[in-house]
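A structural walkthrough
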Amino acid sequence: MLNTAVLGTGLLALDLVERIQNSPHLHCGLIVGRAPDSTGLSKAAAMGLATAAGSITALVNSEESFDIVFDVTNAFAHPEHAARLAGTGATVINLTPANTGTLIVPAVNGDQAAAHQHISLASCGGQTSLPVLHAITQHYPALHVEMVATAATKSVGRASRLNLDEYIETTQSAIQQFTDADTVKTMLNISPASPPPRFRSSMTLLAPGAEAEPVRTIVDSAAKTMRSFVPGFHVASCTVADDTIRVAVEVTATRTNMPVHAGNLEVISAAAIHAAEQHALTRTSAVKEYVR
C-alpha cells in the first residue's frame with residue numbers, strides 16, 4: 001500500500017481523500033492546506049486524517065515520507081511544488097492546469113502512468129473530451145478540432161478561476177498532442193444557470209471521409225470505457241454531416257459528497273486515483289517478482 005499526501009483542501013481534494021481511503025492500494029498519510037482554520041482541514045480532521053497547515057513547506061518538512069503527492073492547488077503554485085518535491089522520490093500527480101509533467105488520460109494511455117514520476121492530468125475538460133477525440137482521430141484524421149467545456153459556476157472554485165488562461169492553453173495543447181489535428185481551439189463556459197447544469201464537453205471535428213455509423217460506434221465504445229471509472233459519463237449527441245463530426249458528452253457526478261453538477265471534479269479525481277493505483281500495482285508486482 002502506497003502512502004500518499006494531498007496538497008489542497010477544496011471539494012476536489014476531499015473527494016480524493018475519500019477515494020484514497022476506499023482504495024485497497026493507497027493510504028492517505030496527510031492532507032495539507034494553507035491556513036490552519038480552513039474548512040477543508042477541519043473536515044479532513046473530522047474524517048480522522050492527519051492534517052497540516054503551511055502548504056508545500058509543511059509537506060516537505062513532514063517527518064513522514066510519501067510515495068505519491070496529489071497537487072490540488074493552482075497552476076501558478078504547481079511548478080514550485082514540483083521542484084521542491086523532486087528530491088523526495090515522491091510521484092507527483094498534478095491536478096492543476098499547469099502544463100508540466102507527462103500527460104496521462106486513463107482511457108487513452110493509463111497503462112503508462114506507472115512509468116512517470118511527474119504526471120499531468122491537463123484539465124477536467126481534457127479528461128472528458130480526449131478519450132472521444134483520440135478514438136475518433138485514430139480512424140478519421142482531423143484537420144480542425146474545437147472543444148467547448150461548460151461547467152456550473154458552483155463547481156468552479158477560486159483556484160480554477162485564477163487559472164482560466166492556463167486551463168485553455170493546457171487543454172488545447174493536450175488535444176493537439178492526442179489528436180494531431182492541424183488546428184485546435186478550446187473554450188470554457190462557466191454557467192450561472194439555475195439549477196446548475198451538468199458538466200458538458202461539446203466537440204467539433206472537421207474530418208474528411210467521416211461516416212455517421214462508424215463514428216457513432218467509435219464514440220459509444222469510448223464512452224463505455226469512460227464509464228468503467230466515471231459512471232456518470234454519457235453521450236448526449238453524436239452527428240456527422242459534410243465531413244463535420246459533432247459530439248456532446250455530459251458527466252453527472254455520482255459520488256455521495258459531490259453535487260450532481262460537479263462532473264468536472266469527479267472526472268479528474270477518478271483520473272488521479274487511476275494513475276496512483278497504477279503505481280501501486282506496479283510496485284506490488286515488482287515486489288512479488290523480487291520475492292520469487
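An account of the accompanying structure is given in this report. Source: prediction; values computed, not measured.

**Comments concerning the overall build of the protein**
Counting its secondary structure elements, the protein contains 10 helices and 12 strands. Whereas a compact globule of 292 residues would reach a radius of gyration of roughly 19 Å, the protein reaches 19 Å, a difference of no more than 12%. Counting across all 292 residues of the protein, residues that qualify as buried make up 51%. Relative to all contacts within the protein whose residues are 6 or more apart in sequence, the contacts with residues 24 or more apart total 70%. Here the protein displays about 12,800 Å² of accessible surface, and carbon together with sulfur accounts for 50% of that area.

**Concerning the pattern of salt bridges**
Side chains carrying opposite charge are able to pair once their charged atoms draw close together. Inspection of the entire model under this criterion finds 6 salt bridges. A salt bridge links aspartate 15 to arginine 255; the nearest nitrogen and oxygen atoms lie 2.9 Å apart. Of this pair, aspartate 15 sits in helix α1 (residues 11-22) while arginine 255 sits in the loop between β12 (244-251) and α10 (263-291), and the two are 240 residues apart along the sequence. For the residue pair aspartate 15 and arginine 255, the accessibility class agrees, reading buried in each case. When salt bridges that share partners are traced, they join Asp15, Glu18, Arg19 and Arg255 into one network.

**Section: helix α6 (residues 124-139)**
Of all the bends in α6, the greatest reaches close to 40° and is centred on leucine 130; the proline proline 131 follows between one and four positions later. In terms of burial, α6 is largely enclosed, as 13 of its 16 residues are buried.

**Topic: the pairing of strand β2 (residues 26-33)**
In summary, the side chains of a regular strand alternate between the two faces of the sheet. Counting buried positions over the 8 residues of β2 gives 7, a clear majority of the element. Two elements, strand β1 (residues 2-7) and β2, share 6 bridges in a ladder whose sense is parallel. In the sheet register, alanine 5 faces β2, and the bridge partner there is leucine 30. Pairing of β2 with strand β3 (residues 51-53) involves 3 bridges; the strand directions are parallel.

**As for α1**
Taking 1.5 Å of rise per residue, the 12 residues of α1 would be expected to cover 16 Å, and the 17 Å separating its terminal C-alpha atoms lies within 8% of that figure. With respect to burial, α1 is a largely interior element, 9 of its 12 residues being buried. Taken as a whole, α1 has its buried residues at Leu12, Ala13, Leu14, Asp15, Leu16, Val17, Glu18, Arg19 and Ile20.

The rules behind each value
- Residues numbered from 1 in each chain as written.
- Predicted model: local features only at pLDDT ≥ 70, side-chain atom pairs only at ≥ 80, totals over all residues.
- Heavy atoms only, no water.
- Helix = DSSP H or I, 4+ residues; strand = E, 2+ residues; numbered from the N terminus.
- Rg over C-alpha atoms; globule rule 2.2 N^0.38 Å.
- Buried < 20%, exposed > 50% of the residue type's maximum accessible area, 1.4 Å probe, protein only.
- Contact = heavy atoms within 4.5 Å.
- Areas by Shrake-Rupley, 256 points an atom, 1.4 Å probe, with all protein chains shown as cover.
- Salt bridge = Lys/Arg side-chain N within 4 Å of Asp/Glu carboxyl O.
- Bend = angle between axes of the 7 residues up to and from the residue.
- Pairing = 2+ DSSP bridges.
- Expected span 1.5 Å × (residues − 1).

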